[in-house]
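The lines below spell out each chain.
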Amino acid sequence: MKKRYGKPIDIAKFKKPVLENIRGHLQKITSIVEYLSKQETPIQQSTCYVCGNSEADPSAEIYGFTYLRCQTCGHYYTSTRYSDEAILRFYKKNTYWAESTYANKETCHYRREQVARPKVEFAEQHGGKIENGLWIDIGSGIGDLVSIAAEHGWKTLGLELSETSVAFAKEIFDITLEPTTLDDYLAHHPELVGSAHMVSAIGLL
């Protein structure tokens, strides 16, 4: 049996904007949660996402969210959540979340080479490389993976909701990302249904 292991990565390089001001980052997260609570109506989650059981025990309170542990399968989940539509609205407009995670000029090139490039190479090694094949990347962030795939000869389609990330991808990597969801894009381009040779959704789920 062949085993594959990752390689050492300097996580601190990715988190430099956060590590330079941890207290400020935590305050930003608090303000984001407060914004969501004022702008959006939370949904009560009465059953476990995994097994559907309703019996759960309170486990932790983080940023105003109560985390529950399912008595049946042990899965942890929050007692309240926001709708998919609310989350989409948040990611589309919020600038801090994008800038503190991906859209940072000091860390983006390191991330591109140390994370995006190995993922493209891994996918090609195990999924094959199709000449002029279509690679759809869902939740592209700053477009680093899309830029590597294009560099490798793929036709690419990157989908990213964050306006900050879309602008960053164009400025830094000269990559054009579509600011929409997969469902909405395919609704306007039905000819693409079933035509992709590679689909990635890294960090999305």
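Our structure is the block above this text.
All values derive from a computational prediction rather than experimental measurement.

Take helix α6 (residues 108–127) next. Along α6, the largest kink reaches about 30 degrees and is centred on A116; proline P118 follows within four residues of it. Within α6 the residues assigned to the buried category are C108, R111, R112, V115, A116, R117, V120, A123 and E124. For α6, the elements touching its buried residues are α1 (11–14), α5 (95–101), β6 (134–138), α7 (144–151), α8 (163–173) and β8 (198–200). Following α6 by one or two positions, G128 has its phi on the positive side, about 90 degrees.

Within the largest apolar cluster, 10 residues are counted, these being A103, C108, I142, V146, V166, F168, A169, F173, I175 and L177. Tallying contributions element by element places α8 first for this core, with 4 residues. Not counting residues within four places of it along the chain, the set of residues in contact with I175 comprises G143, V146, S147, A169 and K170.

What follows concerns the sheet that holds strand β7 (residues 155–159). If you trace the 3 strands from one edge of the open sheet to the other, you get β7-β6-β8, paired in parallel fashion. With one partner strand each, in any of the chains shown, β7 and β8 form the two edges of the open sheet. Strand-to-strand, the axes of this sheet are offset by a mean angle of 15 degrees, without reference to chain direction. Bridge count for β6 against β8 is 3 bridges, and the pairing is parallel. The partner of I136 across the bridge, within β8, is V199.

Here we take up the pattern of salt bridges. When charged atoms on two side chains of opposite charge get close, those side chains can pair. A complete count under the given rule lists 9 salt bridges for this structure. E113 is the partner of R112 in a salt bridge, and the nearest nitrogen-oxygen pair spans 2.9 Å. On the basis of relative accessibility, which here comes to 33%, the residue E113 falls in the partly exposed class. Salt-bridge contacts for R117 lead to E113; the nearest nitrogen and oxygen are separated by 2.7 Å. With a gap of 4 residues between them, R117 and E113 both fall in helix α6, about one helical turn apart. Each of R112, E113, R117 and E151 takes part in salt bridges that share partners, so that together they form one network.

Each value, and the rule that gives it
Residues numbered from 1 in each chain as written. Predicted model: local features only at pLDDT ≥ 70, side-chain atom pairs only at ≥ 80, totals over all residues. Heavy atoms only, no water. Bend = angle between axes of the 7 residues up to and from the residue. Helix = DSSP H or I, 4+ residues; strand = E, 2+ residues; numbered from the N terminus. Buried < 20%, exposed > 50% of the residue type's maximum accessible area, 1.4 Å probe, protein only. Contact = heavy atoms within 4.5 Å. Core = buried A, V, L, I, M, F, W, Y, C linked by side-chain atoms within 4.5 Å. Pairing = 2+ DSSP bridges. Axes fitted to C-alpha atoms, helices over the stretch in contact; angles between N-to-C directions. Salt bridge = Lys/Arg side-chain N within 4 Å of Asp/Glu carboxyl O.

From the geometry alone we can't say anything about function, so treat these as descriptive.
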